[in-house]
Each structure stands twice: as C-alpha cells, then as structure tokens.
Amino acid sequence: MSAPLFSVEGLAKRFGERVLFDGARLELEAGSGYVLTGANGTGKTTLLRIVAGLEPSEEGRLAFRAQASLVSDYPEAWRREVVYVHQQPYLFGTTIEKNLEYGLARRGVPRSEREARVREALAWAGLTERREVPPHKLSDGERQRAALARAKVLDPTLLLLDEPTANLDGDARKQVLELVTALCIENHTVVVASHDPEIIRLAILNRLCVADRRIEADD
Amino acid sequence: MDLFEPTRQAFHLLLAGDPQLWRIIWLSLWVSVLAIALMAPPCIVFGFVLAKRQFAGQRAVVVLLQALLSFPTVVIGLVIYLLLSRRGPLGAFELLFTPWAIMIGYMVIALPILVVFTVSAVQGADPRVYETARSLGAQRPRAALTTLWEVRFAVMAGIVNAFGRVISEVGCALLVGGNIAGITRNIPTAIALETSKGEFAQGIALGFVLIAVAIGINVALAWLQGRGGLE
C-alpha cells in the first residue's frame, strides 16, 4: 500500500483546560475526498487549520509526500500545496480578479499565464461578469464562490474547506455545493468540514468523524 | 483689534511671493516631509511586529509608546539639545541650530504616533487577512504587507496625524533650531516670533498656510479612501 499524501500522528491540542485532541491520527490518500463531521466544538476547524499550518499545537507529527515535520515547525514549502478556505472567507479589498491572482503571483506564475488561469477560474465559478467588483459588493454566495475559485486557481495538492455551505441558503447554497462537488471530482485531495447533509451524503467523499479527541472513519 | 488689515496684508505677502515668507514655508515642508518619510517605514514595521508578536514586556512597550504620545515636545527638544550641543555625545556632528536638528526632533516626536497608530490598525485588522495570505502561499513579510495594505487607511491616518503634529510643532523646533532667519525659522516658530513683535500679517499668512496644508492632506486622505472602494 502506498504512503498517504498527508498524515498526522500523535496530535495533541488544548485550549486552556479544554482538550480537543489527544493522540489523534489522520491519513489522507492522494486524489481522495473526505468529509469531516462532528458536533460543534469538537475540533473540525482546528484540525483543518493544523493541517494548513495556521494553528500551533502542543504535540504532533505531520508528513506530506513522505516528508516529515513537527506541527510546531510547519515547512514553508507545504503552504504552496495546501490551501485552506475559511468558513467565512476573507477577500482582500480589491477586485475579485486581483484576489484570484494573489496566490499565483506568490508562486511566481508569469503574468500572461496568471491572466489565463484567472479567466478560467472565474468562468468555473460563474463570476466572469463580476471580476472587477470589490468584495463588499458581492453577496455571501458570490464571496464563497470567489474564495473557492481563488483556491482552485492554485491547483492545490490538498484543499481544505471549512463549512463552505454554512450561512448560505437557496440558490447560493446550491451553486456552492456544485462547486464543492466539482472540486472533489477533479482529482484534488479535498477535506470538507461540514454539517451539510447533502455534502455528507456525497458518495465520492470518505467520511471522517471528530469525536472523543480522536478522528475516526465514519462508515 | 482690527483683523481685516493684517489679513489683507497676509494675503498680499502670500500672493506677492514674498521670498522670506516662502523660504519659511519651504523649510517647514521639507523638514517635516523628510522626517515622516524617514520614520514611517521602520515605525510601521515595528508597529506590525509589536501588534503581532507575543513577547515578554510587549504590553509595557505599548504603554510606554502611548505615554510618549502626550510627552511635551519641548522636553524632547531639550534632550536633543543636550545630545547635540557642543559638549554633548553627538556634538561633533555640529547639527545644533541646523534644519537637521529640527528634523531629528520631528522624527522622535513622530515615532510614537506612527507606531501606536500601526499597532492599533493591525490589532484591529481581521485575523483572517494574514491567515488567508499565508494559506495562499505568501511568505511572512508578504503576508505582513498584505495585512498593512488592508488597513492602509488607518496606517495613513497615523502618518497624517504625525505630519500634522510635527509641522505645527514649536517647542522642539525653537530649542534645537534656534529660530534663525533664513536657516531654521519655520512656520510655527515664525508665527510665535512675529506675533510677539506685534507683526500679525506674516503670522496670519503662515497660519493660513498651515491650515491649507492640514485641509489639503485630509482631503487627499479622503480621496484615497474613496478610491479604495470604501463607502
């Protein structure tokens, strides 16, 4: 059996007296999709943030493409391949187009290629007509789609989505749901933390559950 | 007291391009602009680090800087005077009673304003800004720049505030500059001198310039905020 794309071993995380994880482990296979469930406050968001290198923890070892690291010493190079999208994404105070270009520019992608990839991602998210609109003029659904497009344009090896359909309803939720499904199908390794029954029911996703300070497969 | 005649004379001096008056205005402007331009980058970086990094004594540093905001500028002038005077540790540079001495004073006065405004702006920034930048692949310095860009109007308010404070400052400029005509006489020290002599016209003219500068800077800031998409 091949080594997992990303693994977490012996994870311990506490907030004051509250212990979220104690010796938790997680393995993510390349090209697989996962939905992470669990009651509120069990640590779904914290786990995604630890995997993204945004949250320190007391103990824990990570491995990405067989390269090992301590959680406390998250390698800078991994940030180019692991992208995290907040539950309520933050879009920089510029146009949607510039938001999508941001990560590509950080990766040194030439301008002409950047423009082409941004155009493609905007079309994917149905935001071509809104490309020059500043974020404060977008609806919640458009903001979420823009954030998904901003992550997708980077073609990340591992994509972490935190409650992408929370706070959305009606058409906005449906559109975001379609994009999340598309991302899972497109051979990305995706982890979606969600309470949304439609996401949890997606057949292409493996179910993981955070409970009792551990992460368990939830069949 | 008749205000009309000195005001008329003031406009006449300004519009006639009185060289003595314009030399005073020019000195005030370049010394103030240069002081802020030199201090703003390091103070903004320091303010960002102070806001973001946890270290022992961090709170004490912030409280000290906040205290310095209300520090009497004449005392700052006195300290710089002692440092730059012939017998002082920096006396060999012979900077006392030159525009450079005033500029050093202005830099010290501007420091806490620039740092405290930046700390406040960065602490008030949405924490997702920095995290989003990092998650999209930005290195720490770039993520810091992105955060500062997102709160740029609050940081610029600090720069405007610092500029307003130094260009209208009298005590320090008087002590370390000496108010020497044609060399270190700037707008506030000239206003103080002319008023004490009963020569109100030049004082009023220079007062108009200070007010115009203040209004001009704030209009420019408001215009930039508008361009930034804020409503």
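Cut-offs used in this document
- For every chain, the first residue of the written sequence is number 1, and numbering continues from 1 along that sequence.
- By the order in which they are written, chains take letters starting at A while ligands take numbers starting at 1.
- The predicted nature of this model means local features are confined to residues of pLDDT at least 70 and side-chain atom pairs, given and counted, to a pLDDT of 80 or more, with totals for whole chains, interfaces and linings taken over all residues.
- As a rule here, side-chain values cover all heavy atoms of the structure and leave hydrogens and water aside.
- Two strands pair if DSSP finds at least two bridges between them.
- To qualify as a helix, a DSSP run of H or I must reach at least 4 residues; to qualify as a strand, a run of E must reach at least 2; elements of each kind are numbered from the N terminus.
- Axis lines are fitted to C-alpha atoms, over the contacting stretch for helices. Their N-to-C directions set the angle, which ranges from 0 to 180 degrees.
- When the centres of two rings from Phe, Tyr and Trp lie within 6.5 Å, Trp using its six-membered ring, the rings pair. Their planes under 30 degrees apart give stacked, over 60 give edge-to-face, and anything left gives tilted.
- Using a 1.4 Å probe on the protein chains alone, a residue whose accessible area is under 20% of its type maximum counts as buried, one over 50% counts as exposed, and one in between counts as partly exposed.
- Crossings are classed by handedness, with left-handed meaning an anticlockwise turn of the near helix from the far one by less than a right angle and right-handed meaning a clockwise turn.
- Contact criterion: two residues are considered in contact whenever any of their non-hydrogen atoms come within 4.5 Å of each other.
- In this classification, the charged set is Asp, Glu, Lys and Arg, the nonpolar set is Ala, Val, Leu, Ile, Met, Phe, Trp, Tyr, Cys and Pro, and all remaining amino acids, among them Gly, are polar.
- We call a set of buried Ala, Val, Leu, Ile, Met, Phe, Trp, Tyr and Cys residues a nonpolar core when their side-chain atoms join them within 4.5 Å.
- Note: pLDDT gives the predictor's confidence per residue, expressed from 0 to 100.
- By definition, the buried area sums, over both parts, the 1.4 Å-probe accessible area that each loses when the two are put together.
- Salt bridges, as used here, are contacts in which a Lys or Arg side-chain nitrogen is within 4 Å of a carboxyl oxygen on Asp or Glu.
- Counted as a polar contact is a pair of N or O atoms within 3.5 Å, where, for protein atoms, one must be capable of donating a hydrogen and the other of accepting one, and residues adjacent in sequence contribute only when both atoms are in side chains.

**Some thoughts on the sheet that holds strand β9 (residues 205–211) of chain A**
All names here are of chain A.
Thinking step 1. The strand order across the open sheet formed by six strands is β6-β7-β8-β3-β9-β10, and the pairing between neighbours is mixed. Each edge of the open sheet is held by one strand with a lone partner, namely β6 (82–85) and β10 (214–217). Across the sheet, the axes of successive neighbouring strands diverge by a mean angle of 20 degrees, strand direction being ignored.
Thinking step 2. As defined by bridge partners, β6 adjoins strand β7 (residues 158–162) across four bridges and the pair is classed as parallel. Residue pairing in the sheet places V85 in a bridge with L161 of β7.

**Let's talk about the packing of aromatic side chains**
Residue and element names in this part refer to chain A.
Thinking step 1. Per the counting criterion, the structure on display carries ten aromatic pairs over all chains.
Thinking step 2. Their ring planes at 65 degrees and their centres at 5.5 Å tell us that F64 and W78 sit as a pair that is edge-to-face. Placement of the pair is F64 in strand β4 (residues 59–64) and W78 in the loop between β5 (67–70) and β6, with a sequence separation of 14 residues. Here F64 matches W78 in class, with each residue buried.

**Some remarks on the packing of helix α2 (residues 19–52) of chain B against helix α8 (residues 152–167) of chain B**
Residue and element names in this part refer to chain B.
Thinking step 1. Between α2 and α8, the shortest axis-to-axis distance is 10 Å and the interhelical angle comes to 145 degrees. For the pair α2 and α8, the sense of crossing is right-handed. Contacts between α2 and α8 involve S28, L29, S32, V33, I36, A40 and I44 from the former and V155, I159, A162, F163, V166 and I167 from the latter.
Thinking step 2. In terms of residue class, the contact of α2 with α8 is built from eleven nonpolar, two polar and no charged.

**With respect to the sheet that holds strand β2 (residues 18–28) of chain A**
Residue and element names in this part refer to chain A.
Thinking step 1. With antiparallel pairing, the four strands of this open sheet are ordered in space as β2-β1-β4-β5. Among the strands making up the open sheet, the edge pair consists of β2 and β5. Within this sheet the neighbouring strands show an average axis-to-axis angle of 20 degrees, counted without direction.
Thinking step 2. When strand β1 (residues 6–15) meets β2, the two strands line up antiparallel, connected through eight bridges. The residue bridging F6 from the neighbouring strand is L28, located in β2.
Thinking step 3. Seen against the sheet, helix α1 (residues 44–51) touches β1, β2 and β4 and runs at an angle of roughly 125 degrees to β1.

**Quick look at the pairing of β9 of chain A**
Residues and elements named next belong to chain A.
Thinking step 1. Bridge count between strand β3 (residues 33–37) and β9: five bridges; the pairing is parallel. Across the sheet, residue G33 finds its bridge partner in β9, namely L205.
Thinking step 2. Alignment of β9 against β10, held across four bridges, turns out to be antiparallel. Considered in β10, the bridge of A211 is made with R214.
Thinking step 3. The turn joining β9 and β10, which pair antiparallel and follow one another in sequence, is formed by two residues; a positive phi near 50 degrees is taken by D212.

**Remarks on the nonpolar core**
Generally speaking, soluble globular proteins have nonpolar side chains that are buried together.
Thinking step 1. L148, L159 and L161 of chain A together with Y106 of chain B are the most contacted members of the largest nonpolar core, which has 102 residues in total.
Thinking step 2. In this structure L161 of chain A touches L48, V85, L148, V180, L183, V190, V191, V192 and A193 of chain A, once residues within four positions along its chain are discounted.
Thinking step 3. Of all hydrophobic cores here, the second largest spans 31 residues; its members include L26, V51, L62 and A193 of chain A.

**Some details on the confidence of the model for chain B**
Thinking step 1. Taken residue by residue, chain B gives an average pLDDT of 91. The fraction at 70 or more is 97%.
Thinking step 2. No element of chain B has a lower mean pLDDT than helix α1 (residues 4–15) of chain B, at 82, and none a higher one than helix α5 (residues 99–124) of chain B, at 97.

**Notes on helix α7 (residues 140–150) of chain B**
Thinking step 1. Buried within α7 of chain B we find A143, A144, T146, T147, L148 and E150 of chain B.
Thinking step 2. Buried residues along α7 of chain B sit in contact with α2 (96–106) of chain A together with α2, α5, α6 (127–135) and α8 of chain B.

**Focus on the interface of chain A and chain B**
Thinking step 1. Each side of the interface is counted separately: chain A has 23 residues, and chain B has 20 residues.
Thinking step 2. Overall, the association of chain A and chain B removes approximately 1,900 Å² of surface from exposure, summing both partners, and the carbon and sulfur fraction of that is 48%.
Thinking step 3. Where chain A packs against chain B, one counts two salt bridges.
Thinking step 4. Of the charged contacts, one joins E131 of chain B and R49 of chain A as a salt bridge, the two residues approaching to 2.6 Å between their closest N and O atoms.
Thinking step 5. Linking chain A with chain B are ten residue pairs in polar contact (both at pLDDT 80 or more).
Thinking step 6. When residues of the side of chain A that touches chain B are traced back to their parent elements, those giving at least two are β6 and α2 of chain A.
Thinking step 7. Its residues placed into classes, the side of chain A that touches chain B shows ten nonpolar, five polar and eight charged.

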